[in-house]
Amino acid sequence: MIHTFKSIDELAVSLSETMIRLAQESIRKDKPFNIALSGGSTPRVLFEKVVSGNDDPGLWEQVNFFWVDERCVPPDHSESNYRMTDETLFYPLSLRHAHVYRMMGEEEPSAEAERYEALLRSQLPEREGLPCFDLILLGMGTDGHTASIFPDQMDLLQSGRICEVARHPASGQQRITLTGPVINNAERVCFMITGANKAGILASILENRRGSEKFPAAHITPAAGTLEWYLDEEAAQLFDGSGR
Ligand code: 6PG
């Protein structure tokens, strides 16, 4: 399912409404809502719309927040995905942190990947032997990476682990990341992609063009769950509507 919007703002309002609806549906059934968040700049706009559109203050206290990936930096570092989320979502919603399970970027990376994997196995329902998220929010980099699975680390898409240590190809920065199998095991995966600088790779992926397999984002194909693309017109400008 591909949703295209005139602006990132309109996209973020729509995706925030979907998030709120899914969380409410889950909680109405007395089921915890387990969501994994991505970092970067795009989710910031989404979180702002969740806050401004929030008319159910108690809702988010019943949601369990996890991360798709985290930079191996302290939680107060300017590049921390947790810090960005705390500033734009948790603090404005006065959310207690009881249900916030951050990847600890300040810890030794491989030990933290193991710890987080064990945490996911203990906290999430299982399907096909893997933790099953209700919703995973993903972005896509201008190189076609998603989560912290970069084009030079494609093995992370088929990893036997749930969490692994990755490395940013340009900066060398270490990252903790969810791997392909657990992402593809989610009930629902939503990509949020904006900007003209992603239009070429996005069209290649959505049209299943030859060569698109070199982009990690092309390998996000939830086995049983649904996959949705939330795009602004700039990112979707080269997509001809055929394909996925
Ligand atoms: C991260 C993200 C990363 C992000 C893409 C897109 O930690 O940086 O998880 O995978 O989703 O790089 O980032 P933008 O949304 O900033 O374009």
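The structure contained in this document is the topic of the report that follows. (Residues numbered from 1 in each chain as written. Predicted model: local features only at pLDDT ≥ 70, side-chain atom pairs only at ≥ 80, totals over all residues. Heavy atoms only, no water.)

**Some points on helix 1 (residues 8-28)**
Relative to the 30 Å expected for 21 residues at 1.5 Å per residue, helix 1 spans 30 Å between its end C-alpha atoms, a close match to the ideal helical length. Within the span of helix 1, buried status applies to Leu 11, Ala 12, Leu 15, Ser 16, Thr 18, Met 19, Ile 20, Leu 22, Ala 23, Ser 26 and Ile 27. One or two positions beyond helix 1, positive phi appears at Asp 30, with a value near 60°. (Helix = DSSP H or I, 4+ residues; strand = E, 2+ residues; numbered from the N terminus. Expected span 1.5 Å × (residues − 1). Buried < 20%, exposed > 50% of the residue type's maximum accessible area, 1.4 Å probe, protein only.)

**Describing the sheet that holds strand 1 (residues 2-5)**
Here six strands make up an open sheet; going across it, the order is 1-11-10-7-2-3 and the pairing parallel. This sheet does not close on itself; its edge strands, each paired only once, are strand 1 and strand 3 (63-67). The sheet shows a mean angle of 20° between the axes of neighbouring strands, direction not considered. Those strands touched by helix 3 (residues 81-90) are strand 2 (33-37) and strand 3, and its axis lies near 150° from that of strand 3. Each of strand 1, strand 10 (188-193) and strand 11 (226-232) is contacted by helix 6 (residues 199-206), which is oriented at about 150° to strand 11, the strand it contacts most. (Pairing = 2+ DSSP bridges. Axes fitted to C-alpha atoms, helices over the stretch in contact; angles between N-to-C directions. Contact = heavy atoms within 4.5 Å.)

**Some points on the site of the ligand**
The ligand sits among 16 residues. The nearest are Ser 41, Thr 42, Asp 69, Ala 147 and Lys 198. Within the backbone of Gly 39, an N or O atom sits 3.3 Å from an oxygen atom of the ligand. The backbone of Ser 41 places a nitrogen or oxygen atom 2.7 Å from an oxygen atom of the ligand. About the coverage of the ligand: the protein hides 89% of its 410 Å² of free accessible area. (Near = heavy atom within 4 Å. Polar contact = N/O pair within 3.5 Å; in protein donor to acceptor, adjacent residues only side chain to side chain. Areas by Shrake-Rupley, 256 points an atom, 1.4 Å probe, with all protein chains shown as cover.)

**Let's talk about the side chain of Thr 146**
For Thr 146, the position within the fold is in the loop between strand 7 (135-138) and strand 8 (163-167). Here the side chain of Thr 146 touches Gly 139 through a polar contact of 2.7 Å, landing on its backbone oxygen. Those residues in contact with Thr 146 that lie beyond four places of it in its chain are Leu 138, Gly 139, Phe 191, Pro 216, Ala 217 and Ile 220.

**Here we look at the packing of aromatic side chains**
The geometry of two aromatic rings is summed up by the distance between their centres and the angle between their planes. Under the defined criterion, the tally for this structure stands at eight aromatic pairs. Ring geometry for Phe 191 and Trp 229: centres 4.4 Å apart, planes at 10°, overall stacked. Of this pair, Phe 191 sits in strand 10 while Trp 229 sits in strand 11, and the two are 38 residues apart along the sequence. Taken together, the aromatic side chains of Trp 60, Phe 65, Trp 67, Tyr 82 and Phe 90 make up a single cluster linked through ring pairs. When the ring centre of Tyr 82 is taken as reference, the NZ or CZ atom of Arg 102 above it lies at 5.6 Å. (Phe/Tyr/Trp six-rings, centres within 6.5 Å; stacked < 30°, edge-to-face > 60°. Lys NZ or Arg CZ within 6 Å of the ring centre and 35° of its normal.)

**Notes on the pairing of strand 1**
Burial along strand 1 is one-sided: the residues His 3 and Phe 5 are buried and none of Ile 2 and Thr 4 is. The sheet contact formed by strand 1 and strand 11 spans four bridges and is parallel. Bridge pairing in strand 11 links His 3 to Tyr 230.

**Quick notes on the sheet that holds strand 4 (residues 69-71)**
Taken in spatial order, the three strands line up as 4-9-8 in an open sheet, and their pairing is antiparallel. Each edge of the open sheet is held by one strand with a lone partner, namely strand 4 and strand 8. If you compare each strand with its neighbour and ignore which way they point, the axes differ by 25° on average. Of the strand pairs in this sheet, strand 8 and strand 9 (residues 174-178) are connected by five bridges, and their pairing is antiparallel. Residue pairing in the sheet places Val 165 in a bridge with Ile 176 of strand 9.

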